[in-house]
Every structure is written in structure tokens, then in C-alpha cells.
Amino acid sequence: ERLAWLTSFTGSAGAAVVLRDKAAVFVDGRYTLQVARQTDTALFEPRDLVSEGPAAWIAKHLPRGAKLGFDPWLHTANSAQALQAAVARTSGMLIACDTNPLDAVWTDQPEPPHEKAVPHPLNLAGETSSSKRIRIVAEVKALGPEAAILTLADSICWLLNMRGRDVSHTPFALAFAILHADASVDLFMDGRKSSPELLAHLGPQVRSRAPAEFLPALDSFAGKSVMADPASASAAIFTRLERARVLREADPCQLPKACKNAVEIEGARRAHRRDG
């Protein structure tokens, strides 16, 4: 939404880099025509997101010794590392901003979504959340960590058997979660998304906590071992975990989630028949 507000480009994927005297908007091949229609190309030069990407453009156009700001909550650890390498090539400095610069000037910004999250019943999931949590935490513990930080909405919704309406056309409830060694979960989600029905569905081993409690929860891992995915978790999370022993591994839910059980496969068939 920030990208759309700044550039008028409304495609589902993209990026922008704004320097003092020039700017670029990056899109993939799906949006080559759309970005030219929607964006003032005199202000934002359209560039290819895949073949070039922001990092390569920054290395070429950032003035030597300049400082480049970024929102560490909106860039993964891997993405921030690529930006750091690009900025270093210009003898510049990458600065993690405490607040997003666009938020200071986007005065009529809508509030974050808070649609109700709902239970995903067993007759559609094919496996209880408890079973999934026990299975996943066994894999996490085998690697050594005491807990896993989950940031991907699809992983969290799959693990807890819930769905949401925070993203158009995608049944996501946006949240953070921590999966502990005892297979319990701390779920950090806006309380307005919850309901007595959802809480009963999640059960006592899933503790609903306010989003503001997420950073203090990360601080509690100082001196402990924890898993986080640098390809999906934000750079801000890794910065907060600096005093922990962090195992940088892929999100432990992603591969199990992709391996569909018989109930999920039949559900997909029914959905495609309805859609067709």
C-alpha cells in the first residue's frame, strides 16, 4: 500500500528506491505495461525487479558516501544484507529507520486491517493443530533451538488451523508467532481479530498476546537458542535477537504445509470444481 501511495503503481509485487535527485520503481514482467500507465515515469524510472532489482540499481546510482534509509520491518534479513552489500560498493551507509519515512507524510493512511480470524475446521484441515505443532516442534528441537519464530501468515494460519481476511483474495490473518519446545504457541495478533469461538478453537496451549508484546518476547531469548528464517523474517527481528543464539534456517512449516494430506487434496478438488 505504501508503494501504491507513493508511485500510483497498484500491482501485487514491486519496489521503489528514492534518492535525492532520482527514483526508480521495480516491477516484474507481468506489470511492464501497467507501471507505464499508472506511474509518472518522469519521476520514477521503471526497472526490472527480477533481472536487475533494487540492489544492483543502488550500487550504480547511489552517490558515493551517501546514506540510504530502509524500514527494517519491511525487508527480510537476506534482503537487508543485499542492500548493505550494494551500499558498501558506493562507500555509503545503510541506515535502519526507527519509523517508516512515508508514514510521516501519508497523513490519511488507513489503519491496519483487523478483520475477524476464524477457525479452520478439522474436516477441511485433515489434521489438528496440536498434531501439527507436536510434529513441527520435533523437527525444530532436532536442530537444537528451544523455539522457532514464525512470521509468514500462511505458516501461522496453517499451524493453528485458522483463516483470516486481512489480505484481499487470500485467507490470511496477519500475526507473529513463537512455537516453543513444549508445542505451545504465543500468538501475537490484534485482539480485534479474535473471538470466543476462535479462542476455544485454538485451545489453552495457544496464548493470545498483543502485538506490542512481540519485541519483549524476543528479548527473552537472550542467551538462548532460537530459530528464524532470514529469507522471510524481517531484519528488525534479527537485530532484536542479537543477544540470542540464532539458527538461521528455513521456516519449519513451509515444507510440511506443502505436503497435502488426503482431506486437503479432496478440498482442493472440490474448490476447483466450484470455481470451474
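Presented here is an overview of the structure given in this document. (Residues numbered from 1 in each chain as written. Predicted model: local features only at pLDDT ≥ 70, side-chain atom pairs only at ≥ 80, totals over all residues. Heavy atoms only, no water.)

In this section: the overall build of the protein chain. Scanning the protein chain from N- to C-terminus turns up 13 helices and 13 strands. By the compact-globule yardstick of 19 Å for 276 residues, the protein chain fits well, its C-alpha radius of gyration being 21 Å. Judged by the C-alpha coordinates and their principal axes, the protein chain covers about 55 × 55 × 35 Å. In the protein chain, buried positions account for 41% of the 276 residues. (Helix = DSSP H or I, 4+ residues; strand = E, 2+ residues; numbered from the N terminus. Rg over C-alpha atoms; globule rule 2.2 N^0.38 Å. Buried < 20%, exposed > 50% of the residue type's maximum accessible area, 1.4 Å probe, protein only.)

Our focus in this paragraph is the nonpolar core. Of all hydrophobic cores here, the largest spans 25 residues; its most connected members are L159, L160, M162, L187 and M189. Breaking this core down by element, the ones donating at least two residues are α7 (129-143), β7 (147-150), α8 (153-160), β9 (176-180), β10 (185-188) and α9 (196-202). Residue contributions to this core peak at five residues, all from α8. Setting aside its immediate chain neighbours within four residues, M189 contacts A117, M162, A173, L174, A175, L198, R209, A210 and P211. (Core = buried A, V, L, I, M, F, W, Y, C linked by side-chain atoms within 4.5 Å. Contact = heavy atoms within 4.5 Å.)

The next subject is a nonpolar patch on the surface. On the surface, a cluster of nonpolar side chains totalling about 340 Å² of accessible area is made up of W5, L6, V18 and V105. With respect to the secondary-structure elements, W5 resides in helix α1 (residues 2-7). (Patch = residues over 30% accessible without salt bridge, like charges linked within 9 Å, V, L, I, M, F, W, Y side chains within 5 Å. Areas by Shrake-Rupley, 256 points an atom, 1.4 Å probe, with all protein chains shown as cover. Salt bridge = Lys/Arg side-chain N within 4 Å of Asp/Glu carboxyl O.)

This next bit is on the packing of aromatic side chains. In this structure the tally under the stated criterion is six aromatic pairs. Judged by centre distance (5.3 Å) and plane angle (75°), the rings of F9 and Y31 are edge-to-face. Linking F9 in the loop between α1 and β1 (15-18) with Y31 in the loop between β2 (23-27) and α2 (32-38), this pair joins segments that are 22 residues apart in sequence. The exposure class of F9 is buried, given its relative accessible area of 1%. Given a relative accessible area of 11%, Y31 falls into the buried group. (Phe/Tyr/Trp six-rings, centres within 6.5 Å; stacked < 30°, edge-to-face > 60°.)

Let's shift gears to the sheet that holds β2. In spatial order, the strands read β1-β2-β3; together these three strands make up an open sheet with mixed pairing. Every interior strand has two partners, whereas the edge strands, β1 and β3 (45-48), have only one. Between one strand axis and the next, the sheet turns by 25° as a mean value, whatever way the strands run. Pairing between β1 and β2: four bridges, direction antiparallel. Looking across to β2, one finds that A16 is bridged to V25. Its contacts with the sheet place helix α3 (residues 53-61) against β1, β2 and β3, and it is angled at close to 155° to β2. (Pairing = 2+ DSSP bridges. Axes fitted to C-alpha atoms, helices over the stretch in contact; angles between N-to-C directions.)

Bringing unusual backbone geometry into the picture now. The phi dihedral of N161 is positive, around 50°, even though this residue is not glycine. With respect to the helices, strands and loops of the structure, N161 is situated in the loop between α8 and β8 (162-163).

On to the pattern of salt bridges. Per the counting criterion, the structure on display carries 15 salt bridges. R47 is paired through a salt bridge with E52; the nearest N and O atoms lie 2.7 Å apart. On the basis of relative accessible area, R47 is assigned to the partly exposed category, the value being 29%. Under the relative-accessibility criterion, E52 is labelled buried at 19%. Among the ionic pairs, D166 bridges to K193, the shortest N-O distance being 2.7 Å. With D166 in the loop between β8 and β9 and K193 in the loop between β10 and α9, this pair connects stretches of sequence that are 27 residues apart. Using a relative accessible area of 10% as the deciding quantity, one classes D166 as buried. By relative accessible area, which is 4% here, K193 ends up buried. Each of D186, R207, R209 and E213 takes part in a single network of salt bridges with overlapping partners.

That's the geometry; what it means functionally is another story.
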